[in-house]
Amino acid sequence: MTTSLAGEGTSDWHNLPTKLRDHERNVEHITNVARWVDLQKGFQQKATIDKKMEDLIDKESSLEDDTSSNNWGCEDSFSK
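K.L.:
It is not clear to me how helix 3 (residues 27–44) should be interpreted in this structure. Could you clarify?
P.N.:
Along an α-helix, residues three or four apart share an orientation, since each turn contains 3.6 residues. The end-to-end C-alpha distance of helix 3 is 26 Å, a good match for the 26 Å that 18 residues give at a rise of 1.5 Å each. Two or three places before Glu28, at the opening of helix 3, Asn26 has a side-chain oxygen 2.7 Å from that residue's backbone nitrogen. Lys46 sits one or two residues past helix 3 and shows a positive phi near 50°.

K.L.:
Would you mind showing me how to read the confidence of the model for the protein chain here?
P.N.:
Detailed conclusions should not be drawn from predicted coordinates in areas where pLDDT is low. Averaged over every residue, the pLDDT of the protein chain is 79; the share at 70 or more is 74%. When pLDDT is averaged over each element of the protein chain, helix 2 (residues 16–25) comes out on top at 92 and helix 5 (residues 74–79) at the bottom at 57.

So, how was this worked out
- Residues numbered from 1 in each chain as written.
- Predicted model: local features only at pLDDT ≥ 70, side-chain atom pairs only at ≥ 80, totals over all residues.
- Heavy atoms only, no water.
- Helix = DSSP H or I, 4+ residues; strand = E, 2+ residues; numbered from the N terminus.
- Expected span 1.5 Å × (residues − 1).
- Polar contact = N/O pair within 3.5 Å; in protein donor to acceptor, adjacent residues only side chain to side chain.
- pLDDT = per-residue confidence, 0-100.

Here is the structure:
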């Protein structure tokens, strides 16, 4: 059930408390509020998807640096 309060508003001020109560009990509203709270927590803990992606990029970059600087002793055997 989607209420029109969020999208269209209302000019029926007499029934506003009822409309507001229906809107706040709507599954879509409850889901969106829960998502918003999770997002706020993620920002506070610096644990958003962007942060996880940044950590993965840093990890891959450090692995590339490690492998490019490591010759696994091959250079010594070729020089003999």
